[in-house]
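Architecture at a glance
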Amino acid sequence: MKKQIYLLLSLLFVFIIAGCGNKESNNGVENALQQTDSQIEQSTDYEQEGSEAKKQESEIIASEPEQEPDMETNILVVYFSATGTTKPLAEYATEILNADLYEIVPEDPYTEADLAYYTNGRADQEQNDSSARPGISGSVENIEQYDTIVLGYPIWHGQAPRIISTFLESYDFSGKTIAPFCTSHSSGIGSSADNLHSLCSDSAKWVDGKRFESGTSKETMAEWLENVEIR
Ligand SMILES: Cc1cc2nc3c(=O)[nH]c(=O)nc-3n(C[C@H](O)[C@H](O)[C@H](O)COP(=O)(O)O)c2cc1C
């Protein structure tokens with residue numbers, strides 16, 4: 001009898017263990033299914049987000065105004081810069097005025113020795129000779145397009161470098177407005193602009209020029225352009 005009871009109990013035990021195991025494995029499958037479901041949900045979310053983003057992107061593209069065709073500017077910023085001080089100011093003026101930019105490039109580039117002043121080097125000699133006209137490489141193709149010229153140069157012995165004279169004598173500035181500016185160690189714009197004016201047609205209108213120091217900010221350039229009568 002005892003034997004039968006043991007057998008019965010062992011069978012009961014086996015059933016209970018098997019039942020639990022099943023439940024566990026079912027739970028595993030359920031978990032896996034739940035995981036897969038949430039992955040599917042997630043990926044659908046991503047797809048929805050993706051298509052939403054695409055939709056928004058295309059809406060942005062659709063609502064963007066058509067690009068304005070490049071408007072021809074009537075302002076040309078012209079500059080000569082032997083050592084790079086005047087150049088950024090000319091670039092600021094170009095950006096501020098939405099103008100075109102033209103660099104006066106010497107046919108014969110200035111070397112460091114040429115620019116060493118008070119050595120009777122090339123630059124000194126040119127400045128001592130009011131008839132010196134150093135050659136320019138290239139030219140402005142469509143000068144007629146411009147009503148206003150903003151002209152930047154360094155001060156060399158109190159005057160504009162002679163290459164600026166070459167530039168002004170190469171075109172007809174009748175009826176145009178010219179706004180000169182310069183950079184220097186310390187000298188002001190002085191008589192440099194007046195002397196340049198005398199090289200141009202009388203009908204060219206010269207506005208008051210300004211001297212800027214090295215490292216002048218775009219804001220300072222903007223202030224001058226705001227106040228100068230060029231537009
Ligand atoms: C030949 C020569 C002469 C110069 N003469 C003067 C001058 O008379 N007064 C002055 O303040 N700076 C003078 N400078 C300094 C330049 O005007 C100054 O460094 C200027 O900002 C340089 O501009 P850039 O780097 O655009 O060429 C002279 C420079 C050179 C090369």
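Residues numbered from 1 in each chain as written. Predicted model: local features only at pLDDT ≥ 70, side-chain atom pairs only at ≥ 80, totals over all residues. Heavy atoms only, no water.

Glancing now at the confidence of the model for the chain. Averaged over every residue, the pLDDT of the chain is 81; the share at 70 or more is 69%. Confidence over residues 17-50 falls short of pLDDT 50; this stretch has zero contacts with residues more than four positions distant or in other chains. (pLDDT = per-residue confidence, 0-100. Contact = heavy atoms within 4.5 Å.)

Turning our attention to the site of the ligand. Close contacts around the ligand come from 19 residues, with Ser81, Thr83, Thr86, Ile155 and Ser187 the closest. Separating an oxygen atom of the ligand from a backbone N or O atom of Ile155 is a distance of 2.6 Å. Gly158 places a main-chain nitrogen or oxygen 3.1 Å from an oxygen atom of the ligand. Protein contacts shield 91% of the accessible area of the ligand, which totals 640 Å² for the unbound molecule. Per-class residue counts for the shell around the ligand are seven nonpolar, 12 polar and no charged. (Near = heavy atom within 4 Å. Polar contact = N/O pair within 3.5 Å; in protein donor to acceptor, adjacent residues only side chain to side chain. Areas by Shrake-Rupley, 256 points an atom, 1.4 Å probe, with all protein chains shown as cover. Nonpolar A, V, L, I, M, F, W, Y, C, P; charged D, E, K, R; others polar.)

Right, let's get into the pattern of salt bridges. Evaluated as defined, the whole model comprises six salt bridges. Between Lys218 and Glu95 there is a salt bridge, with the nearest N and O atoms lying 2.7 Å from each other. Linking Lys218 in helix α7 (residues 218-227) with Glu95 in helix α2 (residues 86-97), this pair joins segments that are 123 residues apart in sequence. Arg122 serves as the salt-bridge partner of Asp108, at 3.8 Å between the closest nitrogen and oxygen. One end of the pair, Asp108, is in the loop between β3 (105-106) and α3 (112-115); the other, Arg122, is in helix α4 (residues 122-128), with 14 residues separating them in the sequence. (Salt bridge = Lys/Arg side-chain N within 4 Å of Asp/Glu carboxyl O. Helix = DSSP H or I, 4+ residues; strand = E, 2+ residues; numbered from the N terminus.)

Our next topic: α2. Compared with the 16 Å implied by 1.5 Å per residue over 12 residues, the 17 Å span of α2 between its first and last C-alpha is a close match. Residues Thr86, Leu89, Ala90, Ala93, Thr94 and Leu97 constitute the buried set of α2. With its buried residues spanning 145° around the axis, α2 presents them on a single face. Buried residues along α2 sit against β1 (75-79), β2 (100-103), β5 (148-154), β6 (177-183), β8 (210-212) and α7. The first or second residue beyond α2 is Asn98, which carries a positive phi of 55°. (Expected span 1.5 Å × (residues − 1). Buried < 20%, exposed > 50% of the residue type's maximum accessible area, 1.4 Å probe, protein only. Arc of directions from axis to C-beta.)

Once that is clear, we can look at the environment of Thr94. Residue position: Thr94 is located in helix α2. Along the primary structure Thr94 and Ile75 are separated by 19 residues, whereas in three dimensions their C-alpha atoms are 8.5 Å apart. When residues no more than four places from it in sequence are discounted, the contact partners of Thr94 are Val77, Ala99, Asp100 and Leu101.

Look at α2 against α7: their axes get within 9 Å of each other, and the N-to-C directions meet at 60°. With respect to each other, α2 and α7 are oriented oblique. Relative to α7, the crossing made by α2 is right-handed. Taking contact as the criterion, the partners of Leu89, Tyr92, Ala93, Glu95, Ile96 and Leu97 in α2 are, on α7, Lys218, Met221, Ala222 and Leu225. Looking at the contact of α2 with α7 residue by residue, the class counts come to eight nonpolar, no polar and two charged. (Axes fitted to C-alpha atoms, helices over the stretch in contact; angles between N-to-C directions. Parallel < 35°, antiparallel > 145°, perpendicular 65-115°, else oblique. Left-handed = near helix turned anticlockwise from the far one by under 90°.)

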